[in-house]
Structure formats: C-alpha cells, structure tokens
2 protein chains.
Amino acid sequence: MNSLFNFFKGYNSLSKEAEKAIAEISKIVAVKKNTDLQPIGHTCKTIYFINKGVARIYYFKDGTDITECFAFENNIIARVESLFTGKPSRKAIQILEDSEVVAINSTQLFKLYDKYPEIERLFRLIFESAYVDTVNRIESIQFHSAEERYNSLIKEEPNVLKRVPLKYVASYLGITQVSLSRIRGIK
Amino acid sequence: MNSLFNFFKGYNSLSKEAEKAIAEISKIVAVKKNTDLQPIGHTCKTIYFINKGVARIYYFKDGTDITECFAFENNIIARVESLFTGKPSRKAIQILEDSEVVAINSTQLFKLYDKYPEIERLFRLIFESAYVDTVNRIESIQFHSAEERYNSLIKEEPNVLKRVPLKYVASYLGITQVSLSRIRGIK
DNA sequence: GGAAGTATTTAACATATGATAAATAATTAC
DNA sequence: GTAATTATTTATCATATGTTAAATACTTCC
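Residues numbered from 1 in each chain as written. Chains lettered and ligands numbered in written order. Predicted model: local features only at pLDDT ≥ 70, side-chain atom pairs only at ≥ 80, totals over all residues. Heavy atoms only, no water.

Turning our attention to the packing of aromatic side chains. One pass over the structure, following the stated rule, counts 27 aromatic pairs over all chains. Measuring from centroid to centroid gives 6.4 Å for Tyr113 of chain B and Phe123 of chain B, while their planes differ by 35 degrees, and the two rings are tilted. Here Phe123 of chain B lies in helix H5 (residues 117–143) and Tyr113 of chain B lies in helix H4 (residues 106–115), a separation of 10 residues in the sequence. Note on accessibility: Tyr113 of chain B and Phe123 of chain B belong to one class, buried. For the cation-ring pair, Arg56 of chain A lies above Tyr168 of chain A, with the distance from its terminal atom to the ring centre recorded as 3.6 Å. (Phe/Tyr/Trp six-rings, centres within 6.5 Å; stacked < 30°, edge-to-face > 60°. Helix = DSSP H or I, 4+ residues; strand = E, 2+ residues; numbered from the N terminus. Buried < 20%, exposed > 50% of the residue type's maximum accessible area, 1.4 Å probe, protein only. Lys NZ or Arg CZ within 6 Å of the ring centre and 35° of its normal.)

What follows is the structure, encoded as structure tokens:
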C-alpha cells in the first residue's frame, strides 16, 4: 500500500489514523492480463490504484470496442460516471498486463468521509485534478487533428505504444485502427 | 441569493450558518450583454451562478474563437482548469444577454472548507457532477457525427439556439459555422 | 515448432467536414 | 430610418478520416 499512500501525499497528506482506515477497506489484488476487473452493467463500487501494470476503461459503441482511457503505475482508475451517480456503468475496466492493483471499496470510502474530512478532501482534490485533465482532453479531441493527437500522445505517454495494442490506442485517439496505421506510416 | 441556495439543495443541504458564510463572500452583479466577466490570462478566483441570463466560456485557438461551454439560469460556471490549478486561465467568461449573476469568491470559499465540511462536501458534489458531464461530453464529441451532436443539442437544450448566436454554437459542437449552417439546411 | 488466431499494415474508394468566397439577412448605431 | 456592421447561408473545391478488403506480421498454444 506504500505507493498508494505516496500517491495520496501529492494531494493531501493523511494522518496515520486516516491511512489505517483506508487500508482497512482496501485490498491488494493480482490480476492476469486481459481480465475484466469490472464488467459492463455493473455499478462501480471500487476505485483502483495501479501498483504494477496497465488498465483501460472501455465500452462498446455500435458493436465496436472503444477505449476511454488508460491507467499506468501509480495512478487511479474508476468509472466515475457510475461511481458518482450510483447508476450501472456501460463501461468496463480491463487489465492489459499481468498487474497488481489496490482495490478501494468506494461505498465504505464514502462513509469514511463523515469521520475523516481529510479523506474527503483528499479524494476531492484527486478528482478535481482528474476533472481538469478531462476538460483539457476535450480541447485536444475537438481541435487537433488525429495526427497531432497521436504525436502528443507519443510525447507525453511514450509507454502507451509499447505496452498497449494499437487497436486500443486508435479508439482512445478517436480514430479507426486503419487511420492510426496510416498516420504512423507517414513518419 | 435564494435561487443559489435552492441550487445547492440539489447537492447538499446547508445549515443556516453555512449559508450565511457563503452569502458573506458572494455578491449579486448585473452584467451587460457581451461583456467579459473574466478576461483571458486572469487566474480564476470566482465561481459564478447565473440568476438570469446566459454565459459562455471561450478561448482562442489559432486566432479563432472557440466556445467551451454555455451556462443558463440556475447553473454554475467557472474556469476549472484555472480554479483548481491556480494557473492563469487561457479562457474567458462572457455574458451573452443582459444578466444577473452571483459571484462567489473562490479564495474565501476554499477557506470556508476548513470551518464548514458541509460546504466542502457541497462543492465536491457539484464538481463531481460537472466532471461526470464532461466525461459524457467526450463520448459525444468523439463518436457522434456533427449532425448527431446538433440534433441532441436542440433536443436537450432547445433554448441555446434561440438565445445564443449560431457561431458560438458551432464551435461548441466542434465544427465551423459553415458546417453548422449546412447541417441546419438539410432539415 | 507449426497451426490457428490476432494484430497491424496497405490499398482503393467514399464521405463528412474544412476553407474560401460571395450573397443575404439581421442587428446596431448614429 | 438609413448606413454600417455583424451574423447566417449557399456554393465550390480540398482533404482528413472512414470503410472494406486483402496482405503481412506477430502471438499463443498444443
């Protein structure tokens, strides 16, 4: 859990007591490549932290597999559109390499918010930051060409291409795999 | 301020004391059409609530004016990528009709979070909800055609077209004004 | 280590949206 | 109320990305 608590420190330092409370509702899980951590249709009740490995959120749009986002080591991944609404998610979380993740029970976490305002603040800050990333991503999708988006991805996350099949990268960039292949061919 | 406190009730009911604390750091402002509430380059230190009127967030991308979002009556508008990072915003908030807004000083608001966890929770819930909207908007931009996006906009926000110049709607939809005009012409 | 299954690339053609320019329509200001 | 400005539409042409299909390349598994 150490890397999880280190990750937290970047947002809000917790008291030992609060850390203990979070540890009690979390567990470390080893997950095999290509397994779904949480399936489509399931109401999200877990926030995951990636200790080792890669995960993605995906869903089906008209029968084709769409990747919403990736998460690598030392990052959190959750289907917020379900987590924050209590509605079943149309999305799934899939593990892309043999991985080790920390699973935090969100139902119990939200209960801790009453007793530990510092925990509520921590997750407020984490999700505010994720919200900002999402706002910035809209701009990237809407006003950059596929090629520009590909170039900034390899610049900002060069590991993605090494660790994730290109077909998943393509839908993350909002294009078909064929288009991605063409863009890569140009260089 | 009544409509503001009613808006809050949809997220987290506040004690009278907390309401009073928020009232003390807020003021009602009348704003004329086409004025910038906050200019580009300014670090966002105000959260606005629209009592009456319409506002938009916009920025310039390669010299062209891009609308990021609109806000109508009984909604909040803020440049979160500045509010939550403390960095100057590349975006501005503009009023599109003679309007009345409530301006909440965010520096003072964030200070209230320590004394009133209920206020911190309120804004956590407000922004979690806005975050979910943003995640859903990505899907809409990425995997629906311009025509589909236009149709769902007139379905979900029919007022937009009546109250907002089409050129602003076009960039909000991620297309040029000419394309929007063509799409409207088809029907 | 070869067969079967997956992933990636390449090619040819189709189409939605962009860019530019010009025509109308609506608004604003004196 | 007319002129000036601004917003919207229409038309033409250019281009990025989509679609389909087939060819390679790479993995996985018995």
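The next point concerns the environment of Asn105 of chain A. Residue and element names in this part refer to chain A. With respect to the element layout, Asn105 can be found in strand E8 (residues 99–105). Of the residues examined, Asn105 reaches a relative accessible area of 27% and is grouped as partly exposed. Considering only alpha carbons, one finds Asn105 and Lys45, 60 residues apart in sequence, at a separation of 6.0 Å. Apart from the residues within four sequence positions on either side, Asn105 is in contact with Ile25 and Lys45. Within the structure, Asn105 has its side chain in polar contact with the backbone nitrogen of Thr107 (distance 2.9 Å). (Contact = heavy atoms within 4.5 Å. Polar contact = N/O pair within 3.5 Å; in protein donor to acceptor, adjacent residues only side chain to side chain.)

Our next topic: the protein's contact with DNA strand D. With respect to spatial proximity, 17 residues lie near DNA strand D, and among them Ala146 and Ser179 of chain A together with Leu166, Lys167 and Ser181 of chain B are the closest. Across the atoms of DNA strand D situated within 4 Å of the protein, the share located in sugar and phosphate is 61%. Within the contact set of DNA strand D, a phosphate oxygen lies 3.2 Å away from a backbone nitrogen or oxygen of Thr176 of chain A. In the model, a phosphate oxygen of DNA strand D is placed 2.5 Å from a nitrogen or oxygen of the Lys167 of chain B side chain. Of all the secondary-structure elements, those providing two or more residues to the surface near DNA strand D are helix H9 (177–186) of chain A together with helix H8 (166–173) and helix H9 (177–186) of chain B. For the surface near DNA strand D, the leading source of residues is H9 of chain B, giving five residues. Residue composition of the surface near DNA strand D, grouped by class: six nonpolar, six polar and five charged. (Near = heavy atom within 4 Å. Nonpolar A, V, L, I, M, F, W, Y, C, P; charged D, E, K, R; others polar.)

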